[in-house]
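Observations on chain architecture
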Amino acid sequence: MSNYLLVYTGGNPPANEAEGAAVMQAWIGWFSRLGPAVVDGGNPTTPMAKHIGSDGKVNDGPVGEMCTGYSILKADTYAAALEMAGECPHLGAGGQVTVYETIKVM
């Protein structure tokens, strides 16, 4: 069993409080359905991003597309992780989910 890092990009914020409450309920429901597969439900990220180059120089902005949040799931296979990620509420908000398999080295 491996851990999978889900990186969220894009998406549209809720237009009002009622929509925000519905979005939160969708996330709670998704995490509930996933049960023990949720290692870390994660959080949204702020738009503040900097990256450090191999030369040690700190630069404004991300490397690539801005991340808007993350989660960590546990699954038996990459296919199973993709199936879980395919039901993520972020997709319904116009966002994308990138799934990375992690390798335990420590």
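Now for a quick tour of the structure. (Residues numbered from 1 in each chain as written. Predicted model: local features only at pLDDT ≥ 70, side-chain atom pairs only at ≥ 80, totals over all residues. Heavy atoms only, no water.)

**Here we look at the sheet that holds strand S5 (residues 67-75)**
Here we have four strands laid out as an open sheet, ordered S2-S5-S1-S6, and antiparallel in their pairing. The two strands at the open ends of the sheet, each matched to only one other strand, are strand S2 (38-40) and strand S6 (95-101). Pairwise comparison of adjacent strand axes, ignoring direction, gives a mean angle of 30 degrees for this sheet. Where strand S1 (residues 2-10) and S6 come together, seven bridges link them in antiparallel fashion. Residue leucine 6 lies in a different strand from S6, and its bridge partner there is valine 99. (Pairing = 2+ DSSP bridges. Helix = DSSP H or I, 4+ residues; strand = E, 2+ residues; numbered from the N terminus. Axes fitted to C-alpha atoms, helices over the stretch in contact; angles between N-to-C directions.)

**Focus: the pattern of salt bridges**
Side chains that differ in charge, positive against negative, can pair when their charged atoms come close. Within the structure shown, the criterion is met by one salt bridge. In this structure, lysine 50 and aspartate 60 form a salt bridge, with 2.4 Å as the shortest nitrogen-oxygen distance. Here aspartate 60 lies in strand S4 (residues 58-60) and lysine 50 lies in strand S3 (residues 50-52), a separation of 10 residues in the sequence. You can call aspartate 60 exposed: its relative accessible area is 62%. (Salt bridge = Lys/Arg side-chain N within 4 Å of Asp/Glu carboxyl O. Buried < 20%, exposed > 50% of the residue type's maximum accessible area, 1.4 Å probe, protein only.)

**Some points on the nonpolar core**
Of all hydrophobic cores here, the largest spans 15 residues; its most connected members are Leu6, Tyr8, Trp30, Val97 and Val99. Elements represented by at least two residues in this core include exactly S1, helix H1 (17-34), S5, helix H2 (78-85) and S6. Filtering out sequence-adjacent residues up to four positions away, leucine 6 remains in contact with Trp30, Gly69, Tyr70, Ser71, Leu73, Ala85, Val97, Thr98 and Val99. (Core = buried A, V, L, I, M, F, W, Y, C linked by side-chain atoms within 4.5 Å. Contact = heavy atoms within 4.5 Å.)

**Observations regarding the packing of aromatic side chains**
Tallied over the entire structure, the rule returns five aromatic pairs. Measuring from centroid to centroid gives 5.6 Å for tryptophan 27 and tryptophan 30, while their planes differ by 80 degrees, and the two rings are edge-to-face. Note that tryptophan 27 and tryptophan 30 are positioned in helix H1 at a spacing of three residues, about one turn of the helix. Here tryptophan 27 and tryptophan 30 have matching classes, each one buried. With a centroid separation of 5.7 Å and an interplanar angle of 45 degrees, the aromatic rings of tryptophan 27 and phenylalanine 31 are classed as tilted. Of this pair, tryptophan 27 and phenylalanine 31 both sit in helix H1, separated by four residues, roughly a single helical turn. Cluster of aromatic residues (ring-pair linked, three or more members): Tyr8, Trp27, Trp30 and Phe31. (Phe/Tyr/Trp six-rings, centres within 6.5 Å; stacked < 30°, edge-to-face > 60°.)

**A look at a nonpolar patch on the surface**
Together, Ile103, Val105 and Met106 make up a nonpolar patch on the protein surface, roughly 460 Å² of accessible area in all. Tracing the backbone shows isoleucine 103 in the segment after S6. (Patch = residues over 30% accessible without salt bridge, like charges linked within 9 Å, V, L, I, M, F, W, Y side chains within 5 Å. Areas by Shrake-Rupley, 256 points an atom, 1.4 Å probe, with all protein chains shown as cover.)

**Thoughts on the side chain of threonine 9**
Positionally, threonine 9 belongs in strand S1. Residue classification places threonine 9 among the buried residues on the basis of a relative accessible area of 8%. Discounting chain neighbours no more than four positions away, the residues touching threonine 9 are Glu65, Met66, Cys67, Thr68, His90, Gly95 and Gln96.

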